[in-house]
Amino acid sequence: MATVSYAAKDSRTMLRRNLKKALRYPSLTLTVVIMPIMMLLLFNYVFGSALGTGISGTPTGSGEYIDYLAPGIILMAATSGSLTTAISVCADKTEGIVNRFRTMPVSRSSFLTGHVVGSVIQTMTSVALVVGVALLVGFRPDATLLEWLAAIGLLTLLTLALTWICAGIGLVAKNVETASNIPMPLTFLPFLGSAIVPTESMPAGLRWFAEYQPFTPVIETLRGLWLGTEIGSSAVIALAWCLGLSLVGYVWARRTFKTGAKR
């Protein structure tokens, strides 16, 4: 119990450190928030009338294209936010702060825990801002309170999974530039899913990839929770992906950190 309490106390200290650092240097967080908002406005106002034709819940259906688009862009905000973890972890490593912590009586797990929890808090704050912008431009979910909580829980779980993976990337990257570039495909992977258009409208090869990549079931589950569309097995698949990626990212990041400590 004493060891657990010691690790929890150190983790809280590391969390405060990372949150204060984020408040002191907000440019990275703002950059991550701005991109999903720009994508939301671009696809809704510039391409919306063309892409929305024939999609259920668009001008030819029962609503507007923004209702179809918003869940995918909100998920994009979650993927973009995780990039900050790779950058901040790599910055600490290259600046020698990690080595300094290793010489101090600090719980080894607290460094990664502080970064991951801090990044999840920052990312979910960014997600809330993107949701607010989506509501301002016409997104009209009809979800109940329970469905909202389920959607937030799913986004948090996905953010946690991606954050652990990006923490591992930050530990293996040689510099901050590399750490910012390696996870970049995660930001655009939702576009190769059902974020912008249904997978049924894609060519056969791309359609197969879009249907079986991890972000599509998450997007479809969010649409079902917010808009009442059919979820089917998407919720189970989405949870399986999130839990699996969380486990892989956690184990990889912890082992990478321990391996670095032995060098």
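Residues numbered from 1 in each chain as written. Predicted model: local features only at pLDDT ≥ 70, side-chain atom pairs only at ≥ 80, totals over all residues. Heavy atoms only, no water.

> Any chance you could explain a nonpolar patch on the surface here in plain terms?
Together, Leu30, Ile34, Met38, Leu41, Leu42, Tyr45, Val46 and Phe47 line one region of the surface with nonpolar side chains, adding up to about 760 Å² of accessible area. Looking at where valine 46 falls in the secondary structure, it is placed in the loop between helix 2 (27-45) and helix 3 (48-51). A relative accessible area of 51% places valine 46 in the exposed class. (Patch = residues over 30% accessible without salt bridge, like charges linked within 9 Å, V, L, I, M, F, W, Y side chains within 5 Å. Areas by Shrake-Rupley, 256 points an atom, 1.4 Å probe, with all protein chains shown as cover. Salt bridge = Lys/Arg side-chain N within 4 Å of Asp/Glu carboxyl O. Helix = DSSP H or I, 4+ residues; strand = E, 2+ residues; numbered from the N terminus. Buried < 20%, exposed > 50% of the residue type's maximum accessible area, 1.4 Å probe, protein only.)

> Explanation requested: the nonpolar core in the structure shown.
Within soluble globular proteins, side chains that are nonpolar generally end up buried alongside one another. Membership of the largest hydrophobic core comes to 55 residues, with the highest contact counts inside it found for Ile74 and Trp226. Elements that contribute at least two residues to this core include exactly helix 2, helix 4 (65-94), helix 6 (108-136), helix 7 (145-172), helix 11 (215-227) and helix 12 (234-262). Excluding anything up to four places from it in sequence, tryptophan 226 contacts Pro71, Ile74, Phe139, Pro141, Asp142, Ala143, Trp148, Ala151 and Leu155. Among the nonpolar cores identified, the runner-up in size contains 7 residues, and Cys90, Cys166, Ala173 and Ala179 belong to it. (Core = buried A, V, L, I, M, F, W, Y, C linked by side-chain atoms within 4.5 Å. Contact = heavy atoms within 4.5 Å.)

> Sorry, what's going on with a positive patch on the surface here?
Together, Lys9, Arg12, Arg16, Lys20 and Arg24 make up a region of like positive charge exposed at the surface. Of note, lysine 20 is situated in helix 1 (residues 2-24). (Lys, Arg positive; Asp, Glu negative; His and termini not counted. Charge placed at Lys NZ, Arg CZ, Asp CG, Glu CD.)

> I tried to follow the pattern of salt bridges on my own but got confused; where do I start?
Where charged atoms of side chains with opposite charge meet at close range, the side chains can pair. Inspection of the entire model under this criterion finds 2 salt bridges. Note that arginine 207 is salt-bridged to glutamate 211, the shortest N-O span being 3.0 Å. Of the two residues, arginine 207 and glutamate 211 are both situated in helix 10 (residues 204-212); the distance of 4 residues between them amounts to about one turn of the helix. Among the residues examined, arginine 207 registers a relative accessible area of 34% and is labelled partly exposed. Using a relative accessible area of 33% as the deciding quantity, one classes glutamate 211 as partly exposed.

> Is there a simple way to think about the environment of asparagine 181 in this case?
Mapped onto the elements of the fold, asparagine 181 is located in helix 8 (residues 176-181). Spatially, the C-alpha atom of asparagine 181 lies 9.5 Å from that of alanine 86, the residues being 95 residues apart in sequence. Engagement of the side chain of asparagine 181 in a polar contact is seen with the backbone oxygen of glutamate 177, the distance being 3.1 Å. (Polar contact = N/O pair within 3.5 Å; in protein donor to acceptor, adjacent residues only side chain to side chain.)

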